[in-house]
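# Chain and residue survey
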Amino acid sequence: MQPTDSKTSTATDATSQNNVTQTSDTQKIAIPPSKKKSKPSSKTRRRLKDAEPIPFTVDRLSHDGRGVAIYGNGFGVDDGHAEDKHGKTVFVSFALPGESALVKITNSRASFEEGDAINITANPNPERAVPPCPHFGVCGGCNLQHWEPEAQINFKQSVLAEMLMHQANAEPDNWLAPVIGDRLGYRTKARLGVRYVVKKETALVGFRERSSNFLAELNECHILDPRIGFEIENLKTLISTLESRDKIAQLELAMGEELPELPDGNQPVALIVRHLEPLSDADIDKLKSFFAARNWQLYLQSKGADSIQRIALTDADDLSEQFGRLYYQLPEYDLTFEFIPTDFTQVNLSVNRQMTKLACDLLDLKAGERVLDLFSGLGNFSLPLARLVGETGSVVGVEGSEAMTERAADNARRNGINNTEFYSQDLTKDCTDKPWANQGFDALLIDPPRSGAWEIMQYLPKFNAERIVYVSCNPATLARDTKALLEQGYRLTHAGVMDMFCHTGHVESIARFEKVAV
């Protein structure tokens, strides 16, 4: 995941493009195909549309949680396993290891095929679960609801372990217990597609169908925060009544915590309505009435980000700035963060609270130490770190976005923190000659995008940090960067996974490194 944030990249950029790789202990790892290869052509879709489903036995799982089956494994030509396909890999959605399933093939390539398990015919896996969402299987918002959450997170830890061994020939001295938070109703950031269907005289609002550009027909979403997840039907009805119902393209949502004592704190839900043509006064009035009844913040967007405009719902709404305010808290450190709807924030607030504490604990900071926080964003890690090192210590946060750098500095001031400095810097380039960088650091925290921090690995030793904590949303790039850190004289002391994106194949992980004494 991935969530709607700036931390996006391809999941296979640090792995082999083959469908099977080999670990040092000869265990096979099934690597799923790229999204581009997973999207069947229109010709392939037509050819497979009327094809009969085929029985398979699922052997294991791919890194994204799909079942992996092989043509010819226990089945013959009479079962639909053509002889020339024997040995060919099939990635099977909604299937678990050991299960026998009837599979509808949805994509066929020279080296692999993909399909959906439409019926489990024998040996259902004991970890199989009843999906909580009625739209599971059609909607592309998540793909693992058929699997017990505990089993999901344990599997994600095994994926991290395999990646570390395969790419870095490493395993941590200590495996951390998985970080677990809200597993339903957790997602507080998303972009929802909108389309008005004339024939059905209704609007569609939600995520796209799996492997499709079409919007899924949703009435509710059990992954989204319930403040929005169970308002989808009402949003559909609202949009269907607008004069410009066929000109609404997207809803971008962001949610925080309700803190009525703060400005806008009684409006913890914000939606940006993307429209392709100007809205009439009547349509704007309908939107205002709907949003005011729910204490939501309303924004309209006609073009790029600069065109986003807040619409006042009450006389108390402050329109002096482009955006209103949203908030979340880290009670462990007596911190309240302010952000705007377009900022990057972690999508699962319950996991974020535990993640920040775990990162701080792993760094084992002492009063007076100097800490560097790379990709510091709005200060999510920087401010807790600043609390721990005290007034005699200091934290330097560095972030590529100038706007987020300013947000971090503002959050520090609002929380009465005076021992932080924030800088905007292109972190893909060596910045160790900057004045803030040449004083040395006792500890370093890094929370890069999905593409990882390969460029930073090339100059990171110059910071001379004794301890490093690396927070990652892509185990492949974490494993790649781990190899670099080991080569530079660090030891991998701890690693673990965090259930940031339950019911999806996304893996959030954390690792701690310590400089080896010479």
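Residues numbered from 1 in each chain as written. Predicted model: local features only at pLDDT ≥ 70, side-chain atom pairs only at ≥ 80, totals over all residues. Heavy atoms only, no water.

This part covers the sheet that holds strand E9 (residues 189–197). One open sheet holds the 6 strands; their spatial order is E10-E9-E11-E12-E13-E14, and the pairing between them is mixed. This sheet does not close on itself; its edge strands, each paired only once, are strand E10 (202–206) and strand E14 (309–311). Between one strand axis and the next, the sheet turns by 25 degrees as a mean value, whatever way the strands run. Here strand E13 (residues 296–301) runs beside E14; their pairing, made up of 3 bridges, is antiparallel. The residue of E14 that forms the bridge with Leu 300 is Gln 309. Strand contacts of helix H5 (residues 232–241): E9, E10, strand E11 (248–255), strand E12 (269–275) and E13, with the helix running at about 140 degrees to E10, the strand carrying the most contacts. (Pairing = 2+ DSSP bridges. Helix = DSSP H or I, 4+ residues; strand = E, 2+ residues; numbered from the N terminus. Axes fitted to C-alpha atoms, helices over the stretch in contact; angles between N-to-C directions. Contact = heavy atoms within 4.5 Å.)

Side chains of Lys 43, Arg 45, Arg 46 and Arg 47 sit close together on the surface and give a patch of like positive charge. Tracing the chain through its elements places Lys 43 in helix H2 (residues 42–49). On the basis of relative accessible area, Lys 43 is assigned to the exposed category, the value being 64%. (Patch = residues over 30% accessible without salt bridge, like charges linked within 9 Å, V, L, I, M, F, W, Y side chains within 5 Å. Areas by Shrake-Rupley, 256 points an atom, 1.4 Å probe, with all protein chains shown as cover. Salt bridge = Lys/Arg side-chain N within 4 Å of Asp/Glu carboxyl O. Lys, Arg positive; Asp, Glu negative; His and termini not counted. Charge placed at Lys NZ, Arg CZ, Asp CG, Glu CD. Buried < 20%, exposed > 50% of the residue type's maximum accessible area, 1.4 Å probe, protein only.)

Size it by volume and the largest cavity reaches roughly 90 Å³. Along its surface, the largest cavity is lined by Cys 133, His 135, Phe 136, Cys 139, Gly 141, Cys 142, Gln 145, Phe 207, Leu 218, Glu 220, Cys 221 and Ile 223. Classifying every residue of the lining of the largest cavity gives 8 nonpolar, 3 polar and 1 charged. (1 Å grid on protein atoms, 1.4 Å probe; cavity = no way out; pocket = protein on both sides within 12 Å on 5 of 7 lines; lining within 4 Å. Points joined across faces, edges and corners; volume = space filled by probe spheres on them. Nonpolar A, V, L, I, M, F, W, Y, C, P; charged D, E, K, R; others polar.)

The next subject is unusual backbone geometry. A positive phi is found at Asp 264, a non-glycine position, where the angle reads about 65 degrees. Mapped onto the fold, Asp 264 is located in the loop between E11 and E12. On the accessibility criterion, Asp 264 (10% relative accessible area) is buried. Backbone geometry at Asn 464 places phi at a positive 60 degrees, although glycine is not the residue there. Position of Asn 464 among the secondary structure elements: in the loop between helix H10 (454–459) and strand E21 (467–472).

Moving on, we come to the pairing of E11. Where burial is concerned, most of E11 is hidden: 6 out of the 8 residues are buried. For E11 and E12, the ladder comprises 7 bridges, and the chain directions are antiparallel. Bridging from a neighbouring strand, Leu 251 pairs with Val 273 of E12.

Attention now goes to the pairing of strand E17 (residues 370–374). Burial within E17 is extensive, with 5 of its 5 residues counted as buried. Burial along E17 is two-sided: Arg 370, Leu 372 and Leu 374 and Val 371 and Asp 373, pointing in opposite directions, are all buried. As paired strands, E17 and strand E18 (residues 394–399) are joined by 5 bridges and run parallel to one another. Each bridged residue has a counterpart across the sheet, and for Arg 370 the counterpart in E18 is Ser 394. Handedness of the β-α-β unit built from E17, helix H8 (residues 382–389) and E18 comes out right-handed. Here 4 bridges tie E17 to strand E20 (residues 443–446), and the two strands are oriented parallel to one another. Counted as the bridge partner of Leu 372 is Leu 444 from E20. (Right-handed = clockwise from strand over helix to strand, strands pointing away.)

Another aspect to go through is the pattern of salt bridges. Applying the stated criterion across every chain, the model contains 31 salt bridges. Here Arg 294 makes a salt bridge to Glu 231, at a shortest N to O gap of 3.1 Å. A residue pair is termed long-range when its members are at least 10 positions apart, and Arg 294 in helix H6 (residues 281–294) and Glu 231 in the loop between helix H4 (226–229) and H5 qualify at 63 residues. Measuring nitrogen to oxygen at the nearest pair gives 3.8 Å for the salt bridge that ties Glu 338 to Arg 325. One end of the pair, Glu 338, is in strand E16 (residues 335–339); the other, Arg 325, is in the loop between E14 and strand E15 (326–330), and 13 residues separate them in sequence.

What follows concerns the environment of Leu 259. Relative to the helices and strands, Leu 259 is located in the loop between E11 and E12. You can call Leu 259 buried: its relative accessible area is 7%. For Leu 259, the contacting residues outside a window of four places in its chain are Gly 265, Asn 266, Tyr 327, Gln 329 and Thr 336.

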